[in-house]
Amino acid sequence: MNRELDQLLQELREEGWLESAGSFTLDAAKAREKLALRQSREAGLWLVKLIQCAHLWQASSLHFRQKREQAMATLRLGAQPVDLGPWLARLHQVEMMADPLYGPLATAFQAALADGCDYLELPELGLRLDAAGVHGSTDKLEPLAQLELTFHYLRQQPWWNPLLHLRPPRRALENFLSASRKAGLSLPHVAMDRFPISGSQGMLHKKSGASPSLGRLERVWLSAAPARELMLYPPPPARRGAVEEVAGRITQVVPGAQAYQALRQWRHEQADALPMPGGRELQPWLEQLQGGGHNTPPPSSQHDALAVRGLICWDTDSQVPASILPVKYGILLDAMPFTSLPVGATIWLSSSKWRTDIHQKKVINDEVCRQLCNWCLDQFDQLEAEAQALLQWPERPQEQLAHLKTLLSKRPRQLAALKSSPYPG
């Protein structure tokens, strides 16, 4: 029994009963009661977990369409079909909510029932799932490259009231807001009622600043890890640096008026030396890295966006408290404030190693969490030390980096060379 499942069962133990020292049975209805209490604090949990499922399965897209009595989801898996048989065979066993492959889907289904869903229909398989179990034959199931799900809700308002059909249902608005806050960094192309959820710049800009600033610097970690381990980074021109730097070498300088920030560093999560760009344009170089296995590409539906391990963004003009933002399978978890970092510093790190509490949105402070956070802090120290060193070069770009140098000069300069440490994989 893994630690995450052990904790989940421990917190739900009061709702079940022991059969033996090694097995535990939970009433599915009682589990949904707990989920219903959680839903009252965070609407749209089922939808967020379904997006997380699409990211975990490395789907290319997930599109939602909401009606007053239905919510339909179409998940395109492409070259990696998934067999639903193991989940359907244990539909209402709480252990499935902690399963490494089916956990997000199992949680999404149970959370939907807790949110008032009457039943879930899988039209391609001819199946209907509800609180009683599976209705339909599961004898000849085959792996699917596309999965369609229709969540049916009981009519709760008089059908004859025309005013109800002139405004969107409250549930639809709550779902959209929940997905927008949590799922903007997922790799599949996610859209709800044709409005994009992932692939936009909003998730990063809300914390790092929407307007350009020559007092901002950034470090991006490329990675060759599987796509499910990574997070979405917008197309590089959207966050262009006035100075682009790879492994301590300036590779591109653009006028400050065309830049989002002063300096952007490109690094690899395993401290591997990246091949230098052959020219001044970043896009051919990034395509070369992806073709050579140095960096995992995102789904083709995301076009010129990148899949990355994470990034540091430090706006030295900002007074926003510093924080680390954990990302797990494309879903943003609760921020962890860090007073040891200067104000204006924000770090995003995507990892499957983050362990969450029963509400599945807050990181548990364990040894693995401390290792990941320490790596982030070491990377920030390297960012600052290497930026300070770059600003001392007599041949540095004067116009683009002058404002950043003025702001960093107010902080003690780190003279010691810092050893690069690989991501604790």
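Look up a bit, the structure's there.
Treat the numbers as computed from the prediction; the structure is a model and nothing was measured.

**Q** Explain the pairing of strand β5 (residues 117-122) here, please?
**A** Within a regular strand, side chains alternate between the sheet's two faces. Pairing of β5 with strand β8 (residues 146-153), which is carried by 4 bridges, proceeds in the antiparallel orientation. If you follow E121 over to β8, its bridge partner there is T150. Of the strand pairs in this sheet, β5 and strand β6 (residues 127-130) are connected by 3 bridges, and their pairing is antiparallel. Opposite L120, over in β6, you have L129 as the bridge partner. Taking the residues between adjacent antiparallel strands as the criterion, β5 and β6 are bridged by 4 residues, where G126 takes a positive phi near 65 degrees.

**Q** Whenever I open this one, the side chain of T316 confuses me. Can you help?
**A** Summarising the element assignment, T316 is placed in the loop between β17 (310-315) and β18 (323-328). Judged by relative accessible area, which is 15%, T316 ranks as buried. Within polar-contact distance, the side chain of T316 engages the backbone oxygen of G215 at 2.3 Å. Aside from chain neighbours lying at most four places away, what touches T316 is G215, R216, L217, L404, L407 and L408.

**Q** What should I look at first to understand the packing of aromatic side chains in this one?
**A** Any two aromatic rings considered together are summarised by their centre-to-centre distance and by the angle between their planes. For the structure on display, the rule yields 10 aromatic pairs. Ring plane angle 50 degrees and centroid distance 4.7 Å describe the contact between W221 and W375, whose orientation is recorded as tilted. Of the two residues, W221 sits in strand β11 (residues 213-222) while W375 sits in helix α9 (residues 367-391), which places them 154 residues apart along the sequence. Residue classification places W221 among the buried positions, given a relative accessible area of 0%. Accessibility expressed as a relative area gives 4% for W375, which makes it buried. Chaining the aromatic ring pairs together yields one cluster made of W46, F64 and F151. Here R216 stacks its cationic end above the ring of Y260, 4.2 Å away from the centre of that ring. Over the ring of Y423 we find R309; its NZ or CZ atom is 4.0 Å from the centre of that ring.

**Q** Even after reading the chapter, I still don't get the nonpolar core, so can you show me in this structure?
**A** It is characteristic of soluble globular proteins that their nonpolar side chains tend to be buried jointly. Ranked by size, the top nonpolar core spans 50 residues in total, and within it W46, W57, F64, L84, W87 and F151 carry the most contacts. The element contributing the most residues to this core is helix α3 (residues 45-56), with 9 residues. Counting 33 residues, the second largest nonpolar core, distinct from the first, contains V243, L263, W314 and F338.

**Q** Can you help me understand the packing of α3 against helix α5 (residues 103-114) in this one?
**A** Between two packed helices, what matters for the description is the angle formed by their axes and the separation of those axes. Put simply, α3 and α5 touch, their axes get as near as 8 Å, and they point 165 degrees apart. As far as their axial angle goes, α5 and α3 are roughly antiparallel. In this structure, α3 crosses over α5, and the sense of that crossing is left-handed. Between α3, through L45, W46, K49, L50, Q52, C53 and L56, and α5, the contact on the second element is made entirely by P104, L105, T107, A108, A111 and A112. Its residues assigned to classes, the contact of α3 with α5 comprises 10 nonpolar, 2 polar and 1 charged.

**Q** How do you make sense of the side chain of D315 when you look at a structure like this?
**A** The topology assignment puts D315 in strand β17. With a relative accessible area of 10%, D315 lands in the buried category. A polar contact of 3.3 Å, which involves the side chain of D315, links it to the side chain of R216.

**Q** Honestly, the packing of α9 against helix α10 (residues 398-408) in this entry has me stumped. Any pointers?
**A** Contact geometry for α9 and α10: axes closest at 10 Å, N-to-C directions at 120 degrees. Viewed along their axes, α9 and α10 adopt a mutual orientation that is oblique. The element α9 and its partner α10 pack so that their crossing is left-handed. On α10, the residues touching A387, Q388 and L391 of α9 are L401, L404, K405 and L408. When grouped by side-chain class, the residues that make up the contact of α9 with α10 number 5 nonpolar, 1 polar and 1 charged.

**Q** Looking at this structure, I do not really get the pairing of β6. What am I missing?
**A** Bridge count for β6 against strand β7 (residues 133-135) is 3 bridges, and the pairing is antiparallel. By the bridge assignment, D130 is partnered in β7 with G133. Where β6 folds back onto β7 in an antiparallel hairpin, the turn is made up of 2 residues.

How each quantity is defined
- Residues numbered from 1 in each chain as written.
- Predicted model: local features only at pLDDT ≥ 70, side-chain atom pairs only at ≥ 80, totals over all residues.
- Heavy atoms only, no water.
- Pairing = 2+ DSSP bridges.
- Helix = DSSP H or I, 4+ residues; strand = E, 2+ residues; numbered from the N terminus.
- Buried < 20%, exposed > 50% of the residue type's maximum accessible area, 1.4 Å probe, protein only.
- Polar contact = N/O pair within 3.5 Å; in protein donor to acceptor, adjacent residues only side chain to side chain.
- Contact = heavy atoms within 4.5 Å.
- Phe/Tyr/Trp six-rings, centres within 6.5 Å; stacked < 30°, edge-to-face > 60°.
- Lys NZ or Arg CZ within 6 Å of the ring centre and 35° of its normal.
- Core = buried A, V, L, I, M, F, W, Y, C linked by side-chain atoms within 4.5 Å.
- Axes fitted to C-alpha atoms, helices over the stretch in contact; angles between N-to-C directions.
- Parallel < 35°, antiparallel > 145°, perpendicular 65-115°, else oblique.
- Left-handed = near helix turned anticlockwise from the far one by under 90°.
- Nonpolar A, V, L, I, M, F, W, Y, C, P; charged D, E, K, R; others polar.

Just geometry here; none of it tells us what the structure is for.
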